Amino acid sequence: MRTFRFVVCLIIEFSFQSVHAQVDSLILKEPEYMLTEVMQENLEMQSEASGAEDEDYSELFENLVYFRNHQLNINTAGKEGLQELGLLNPIQINALLEHIHINGPLLSIYELQSIEYFDIPSIRTILPYVRVITRESDTYQSLKDLLKNTSQQFDLRYARVLETQKGYTLPNSRSANSGSRFVGSPDQVLASYQSSIPNLTSLGFSGRKDPGERFSVGQSGKGFDFYSMHLFIQTKGIIKALAFGDFAMSFGQGLVAWSGLALSKTAEACIVERTGAGLKPYTSSSKTRNLRGGGVSLRFGLLEATAFYSYKLLDATVSDTSIGGKVMTVRTIQTTGIHATPSELQSANTLPEETAGGHLALSLHKLVMGVTAMQTRFGADVEPKPVPYNLFEFRGKELMNAGADYNLVIRNLIFFGEGALSKDQREHPNTAFLQGVLVAADPRMSFTILYRNYSPAYHSFFSNAFSEGGKTSNEQGIYWGLTLKPRSQLSISVFCDYVSYPWLKYRVDAPVTGNDFFAKISWNPDKRTEIYLFFRRKLSALDPPAANDPDEINFPLPGIQTNYRLNIITQPSTVIRLKTRVELIWKTDSVQSLEQGFLLSASFSIKPKKRPFSLTGSYTIFDTPSGNTRIYAYEQGVPGTYSTPSYSGRGSRFTGLIQTKTFRKIQISLSFTRTFYDDRQVIGIGTLNQINGRHKSEVQCNLRMKF
Amino acid sequence: MQSRAICPLLLLLVFGLNSLTAGNDNLAGGARAAGMGDAGLCLEDVWCTRHNQAGLAFIKKTELSSSFEVPFGLTDLQTGGVAYAIPLYKGTIGLNLSSFGSQDYQENKIGLAYALKIGSHCSAGMQLDYLRTGIAEGYGTRNAVAGELGLEVLLSKNLKLGLHLNNPTRTSLAEYNDERYPTVLRAGLLYCLSQKINLAAETEKDNANLPIFRGGFEYSLVQSLIVRAGLNGNPTMFCFGAGFRMKNLIIDTVVSLHPILGFNTGISIGYVFNPKA
């Protein structure tokens, strides 16, 4: 039987020689941190939804970077490992496991093609990260083996805006107020070290100083503004994971506990289900998403039990202190983690936050069920500003959360969901609920429906579930997504999301509704070219722009934003890759004035064969009437950065990035960007980042050592 | 034959003669198309008498169906209808009755259709409509006669194009303000991805309102159960449907969600007659 399969595999292998070649070229060419086009698009959509341009998205891709260096053995990965890869949908994972269950381990990577729901594009996507080995020991045999597999990486990153920004100048003598200046230098410095043994341990340290923050040396100085340290151990035995220091956790669909990032609506319309990864080491450079303490995950057969504890000092605006100087009441909790101005320094580390919780999961063949419980306690009362939109905001010192989640596979249907309760000082607990289904109707078509209902008074300080508004609170909605591949070169992705907010929000003085429609057609005429066209129409309601008086109640009016984009990627030779993008944006705001914006961008990347360097450059011209019609576009930066700058106003932007590898171990990357504005004399007027000039330039460099 | 003719009348009575109406946007179109976001232009069933008469030419068996919906739980907006199609030796004839509204405002329609295959890839159909609009409190009623034209072309084995023109004669409703029944042109595609999956998309434009885009699909989960979902562009409605097939009986249901008005539910029950033994 196995001989027969081997022959079949060989035949498949030969009959797909072209794929073979395609695949190999792909493995050789793409550097480890290069995102695929659809991932870039997903980040652009995420940045647009959150409004954050320089979010550290690395944690979303750290698994890929990891598997790039330590390829996952499909035969032994199991459900967990395949989920961790994050590139296969649950139906594919199920089909693959079923195939292995029935036919025994895969004999070759090309056997994937014989499995239902695995098409060439999806195989091509996972190929750099996986391998097929029939016999392999999972444990390290000797100390020598262990040392051989240990990898260490040191990163040093530096970035700076070259022009003088207002925050770094001396205060004007007439309005002598030191509060309006940054306390430190405009340099950004990040240093990190990580040592890991795959599937066993990870140890890491990192420090970060953001622009404007103080880098203090000497006796009183603590150096970087932010430090992070982690030690993480995982085993195949009872102790599944053990975390010390900074860690991340994610369970269920994220209604209760999901400390890291997660994408909600993306260009992959059917990928809305979350798979909690449990405890993970914290490797992001973000200053606020970590949990600080420890956690343990134990495995008893089908059961898995996790407990964690974290104690951190948060930044909060203090509104009341006791006579002894103890913080009694705080108004708002800051989440930027930046301590660059005196007022930011004043609110730094003022609110102690203590969190303890646990998760219990039962994994059966096709059903996974879990319960989560968590308690968060603050060292002072949280008392937000008494305005109508804060009516249901969290108040008090303590919050209890509990939730139950499940995931069920029946044939080609996947049901998933979570229900959660939160109890603060209000009399009754408040609920949040999410339920979804993914139907893989055909290998060429799948669709998904997701319903969520988060009550306005539901809170969790670590939730990050599927949402439009970015908060797992005050939202109801129904989402409908479809992906279709009528031909191998053609794929269509469509989603529509209808959302309503039962209570007011900041700058939205009434309960409103909105909807969001997205359609994308992509065409890959051959392996070197990818063309996609997308359309997005988003209706949302906002208070009129002129309404600034916070005490006045406004009538939010609907506004419609429409985006059209054409994106063409082509590789005329194996050395050069070109990308062209045209984007149009139309926006009618709440007072029905139409704004039109335009962006045209061309970029190239050159990676000569057998030369240890690569070169990337881009030029973008943009013309949008205001910040309302800003356009987000991903830009490749130095390793470890994922920048999606937004373009608004009239101007152009130039980017250059050079990366070299010397002695095979040291990689140096250097980037330079300059944005010219033709419609203004001063950039960022009125802010501390104000530049008296028409251009803004930034340099970044990264030094990476692997040993 | 005679008993068959009586059937639709009986069903019409069952579904409440007190609320019979018809009008251009308030027509009973069957829950199958409604479940796909009303993108029913190229579907092949008895409700072609509403969406596109040309599709009747592809029907192989005599079929009868009645449909009923109560938009947003408002009985004043209820819509009911009956459709009937009989394939003949050459071509197919169809009958469509539709009614909308309550005693205060009613729209009724009776349509008689004929469709014919032209070659193997194309079909054409037409329908003659009798329209009645009635308003209570002495405003009286208006009657009019209008027509509909339809065309369907198989572009490839699994892709079909449909076109439909409603009321090309711009039939007058009232002399006051030169009020006319709307003239509507619809164009759409139906793609059969596999035997289990149909996808439909269409656009509609009438002489007064904004264009409407619609799309949806149906997926036969198991032989007797079909699930559907769709999107109707204006007003934005999410539509979900389920269809049940039991021997000769066809039951389709739909639930659609309007962002502001809430849920709209509908059902249609049909019967497929076996060809004469």
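Given the structure is predicted, the values throughout are model-derived calculations rather than measurements.

Draft legend 1. Layout of the overall build of chain A. Across its full length, chain A holds nine helices and 33 strands. Computed over the C-alpha atoms, the radius of gyration of chain A is 26 Å, within 12% of the 27 Å expected from 2.2 N^0.38 for a compact globule of 707 residues. Across its three principal axes, chain A shows a C-alpha extent of roughly 85 × 55 × 55 Å. Nonlocal contacts in chain A, meaning residues at least 24 apart in sequence, comprise 61% of its contacts between residues at least 6 apart. When the accessible surface of chain A is summed, it comes to about 32,700 Å², and 60% of that surface belongs to carbon and sulfur atoms. Taking the average location of the 73 positive side-chain charges in chain A and that of its 66 negative ones, the two points are 6 Å from each other.

Draft legend 2. Focus on the overall build of chain B. Within chain B, the regular secondary structure consists of three helices and 16 strands. Here chain B holds 277 residues, and the buried ones make up 53% of them. Expressed as a percentage of contacts within chain B between residues at least 6 apart in sequence, the contacts between residues at least 24 apart total 46%. Accessible surface computed for chain B: about 13,100 Å², of which carbon and sulfur atoms make up 63%.

Draft legend 3. Representation of the environment of A:Pro342 within the structure. Tracing the backbone through its elements, the reader meets A:Pro342 in helix α9 (residues 342-347). Sequence separation of A:Pro342 and A:Val183 is 159 residues, and the distance between their C-alpha atoms is 6.8 Å.

Draft legend 4. Inspection of a nonpolar patch on the surface at higher detail. Residues and elements named next belong to chain A. On the surface, Ile576, Leu578, Phe604, Phe613, Leu615, Ile658, Ile668 and Leu670 cluster together into a nonpolar patch covering about 570 Å² of accessible area. Those elements giving two or more residues to the nonpolar patch turn out to be β24 (576-588), β26 (613-623) and β32 (666-677). Within the element layout of this structure, isoleucine 576 appears in strand β24.

Draft legend 5. Fine view of the state of the cysteines. Evaluated as defined, the whole model comprises zero disulfides over all chains. Not engaged in a disulfide, the cysteine A:Cys270 finds its nearest cysteine sulfur in A:Cys496; these two sulfurs lie 14 Å apart. Between B:Cys48, a free cysteine, and B:Cys42, which holds the nearest cysteine sulfur, the sulfur-to-sulfur gap is 9.1 Å. The class for B:Cys48 is buried, based on a relative accessible area of 2%.

Draft legend 6. Structural view of the interface of chain A and chain B. Listed by partner, the interface residues are 21 residues for chain A and 19 residues for chain B. At the boundary of chain A and chain B, one finds zero salt bridges. Summed over the shared surface of chain A and chain B, the number is three residue pairs in polar contact (both at pLDDT 80 or more). Within the residue set of the side of chain A that touches chain B, elements represented by two or more residues are β17 (430-442), β18 (445-454), β19 (475-487), β20 (490-500) and β21 (513-526) of chain A. The biggest single contributor to the side of chain A that touches chain B is β19(A), with five residues. Residue composition of the side of chain A that touches chain B, by class: 14 nonpolar, three polar and four charged.

Draft legend 7. How the structure looks around helix α5 (residues 74-85) of chain A. All names here are of chain A. Over its twelve residues, α5 runs only 10 Å from end to end, short of the ideal 16 Å by more than 12%, given 1.5 Å per residue. Of the positions making up α5, those classed as buried are Ile74, Asn75, Ala77, Gly81, Leu82 and Leu85. Looking straight down α5, one finds that the buried residues subtend no more than 130° of arc, so they occupy a single side. In the stretch just after α5, glycine 86 is the one whose phi turns positive, near 75°.

Draft legend 8. Here's a closer look at the packing of helix α4 (residues 58-69) of chain A against α5(A). All names here are of chain A. Their axes nearest at 8 Å, the elements α4 and α5 cross at an angle of 115°. Put simply, α4 runs roughly perpendicular to α5. Two secondary-structure elements touch here, α4 through Asn63, Leu64 and Phe67 and α5 through Gly81, Glu84 and Leu85.

Draft legend 9. A look at the nonpolar core. All names here are of chain A. Counting residues in hydrophobic clusters, the biggest one holds 71 residues, and the most contacted among them are Ile74, Leu96, Leu112 and Met249. Considering every element that reaches this core, the biggest residue donor is helix α6 (residues 90-103), with five residues. Those residues in contact with methionine 249, other than ones at most four positions away along the chain, are Ala257, Trp258, Ser259, Gly260, Gly278, Leu279, Leu291, Phe308, Met374 and Phe462.

Draft legend 10. Representation of the packing of α5(A) against α6(A) in the model. Residue and element names in this part refer to chain A. The N-to-C vectors of α5 and α6 enclose an angle of 150°; their axes lie 10 Å apart at closest approach. With respect to each other, α5 and α6 are oriented roughly antiparallel. Considering the relative orientation of α5 and α6, their crossing is left-handed. Taken together, the residues of α6 that come into contact with α5 (itself represented by Ile74, Asn75, Gly78, Lys79, Leu82 and Gln83) are Ile93, Leu96, Leu97 and Ile100. Classifying every residue of the contact of α5 with α6 by side-chain character gives six nonpolar, three polar and one charged.

Draft legend 11. Structural view of α6(A). Between its first and last C-alpha, α6(A) extends 20 Å over 14 residues, near the 20 Å set by a 1.5 Å rise per residue. Two residues or fewer after α6(A) comes A:Gly104, characterised by a positive phi angle close to 85°.

Draft legend 12. A look at unusual backbone geometry. All names here are of chain B. Unlike most non-glycine residues, arginine 170 shows phi in positive territory, near 55°. You can see arginine 170 is positioned in the loop between β7 (159-166) and β8 (172-174). Positioned with a positive phi, aspartate 178 is a non-glycine residue whose angle comes to about 50°. Residue aspartate 178 is classed as partly exposed on the basis of its relative accessible area of 46%.

Draft legend 13. Looking closely at the confidence of the model for chain B. Taken residue by residue, chain B gives an average pLDDT of 86. The fraction at 70 or more is 90%. Under a pLDDT of 50 for its full length, residues 1-24 of chain B has, in the predicted model, 52 contacts with residues more than four places off or in other chains.

Draft legend 14. Layout of the packing of aromatic side chains. Under the definition given, this model contains 29 aromatic pairs over all chains. Seen from their ring centres, B:Phe100 and B:Tyr105 are 6.4 Å apart, and the 75° between their planes marks the pair as edge-to-face. On the basis of relative accessible area, B:Phe100 is assigned to the buried category, the value being 9%. Ring geometry for B:Tyr271 versus B:Phe273: centroids 5.0 Å apart, planes at 75°, classification edge-to-face. A residue is classified by how much of its surface remains accessible, and B:Tyr271, at 36% relative accessible area, is partly exposed. A relative accessible area of 16% places B:Phe273 in the buried class. Among the aromatic side chains, those forming a connected cluster through ring pairs are A:Phe466, A:Tyr479, A:Phe495, A:Phe518, A:Tyr532 and A:Phe534. Directly above the aromatic system of A:Trp258 lies the positively charged group of A:Arg274, at a separation of 5.6 Å from the ring centroid. Above the ring of A:Tyr501, the side-chain terminus of A:Lys505 is found at 3.8 Å from the ring centroid.

Draft legend 15. The pairing of strand β15 (residues 249-258) of chain B, seen in detail. All names here are of chain B. The pairing of strand β14 (residues 236-246) with β15 spans nine bridges and is antiparallel. Counterpart to phenylalanine 240 in the pairing with β15 is valine 255. Connecting the antiparallel pair β14 and β15 is a turn made up of two residues, with lysine 247 showing a positive phi of about 50°. Bridging between β15 and strand β16 (residues 262-272) involves ten bridges; their strand directions are antiparallel. Residue pairing for β16: serine 256 is matched across the bridge by asparagine 264. Here β15 hands over to β16 after three residues, the two strands then running antiparallel side by side.

Draft legend 16. Quick peek at the pattern of salt bridges. A complete count under the given rule lists 50 salt bridges over all chains for this structure. For A:Glu304, the salt bridge goes to A:Lys240, with nearest N and O atoms at 3.2 Å. With A:Glu304 in strand β10 (residues 303-314) and A:Lys240 in strand β7 (residues 239-250), this residue pair connects regions lying 64 residues apart in the sequence. For the pair A:Glu304 and A:Lys240, one class covers both residues: buried. Here B:Arg228 and B:Asp252 are joined by a salt bridge, their closest N and O atoms 3.1 Å apart. Of this pair, B:Arg228 sits in strand β13 (residues 225-233) while B:Asp252 sits in strand β15, and the two are 24 residues apart along the sequence. Here the two residues B:Arg228 and B:Asp252 agree in accessibility, since each one is buried.

Parameters and conventions
- Residues numbered from 1 in each chain as written.
- Chains lettered and ligands numbered in written order.
- Predicted model: local features only at pLDDT ≥ 70, side-chain atom pairs only at ≥ 80, totals over all residues.
- Heavy atoms only, no water.
- Helix = DSSP H or I, 4+ residues; strand = E, 2+ residues; numbered from the N terminus.
- Rg over C-alpha atoms; globule rule 2.2 N^0.38 Å.
- Contact = heavy atoms within 4.5 Å.
- Areas by Shrake-Rupley, 256 points an atom, 1.4 Å probe, with all protein chains shown as cover.
- Lys, Arg positive; Asp, Glu negative; His and termini not counted.
- Charge placed at Lys NZ, Arg CZ, Asp CG, Glu CD.
- Buried < 20%, exposed > 50% of the residue type's maximum accessible area, 1.4 Å probe, protein only.
- Patch = residues over 30% accessible without salt bridge, like charges linked within 9 Å, V, L, I, M, F, W, Y side chains within 5 Å.
- Salt bridge = Lys/Arg side-chain N within 4 Å of Asp/Glu carboxyl O.
- Disulfide = S-S within 2.5 Å.
- Polar contact = N/O pair within 3.5 Å; in protein donor to acceptor, adjacent residues only side chain to side chain.
- Nonpolar A, V, L, I, M, F, W, Y, C, P; charged D, E, K, R; others polar.
- Expected span 1.5 Å × (residues − 1).
- Arc of directions from axis to C-beta.
- Axes fitted to C-alpha atoms, helices over the stretch in contact; angles between N-to-C directions.
- Parallel < 35°, antiparallel > 145°, perpendicular 65-115°, else oblique.
- Core = buried A, V, L, I, M, F, W, Y, C linked by side-chain atoms within 4.5 Å.
- Left-handed = near helix turned anticlockwise from the far one by under 90°.
- pLDDT = per-residue confidence, 0-100.
- Phe/Tyr/Trp six-rings, centres within 6.5 Å; stacked < 30°, edge-to-face > 60°.
- Lys NZ or Arg CZ within 6 Å of the ring centre and 35° of its normal.
- Pairing = 2+ DSSP bridges.

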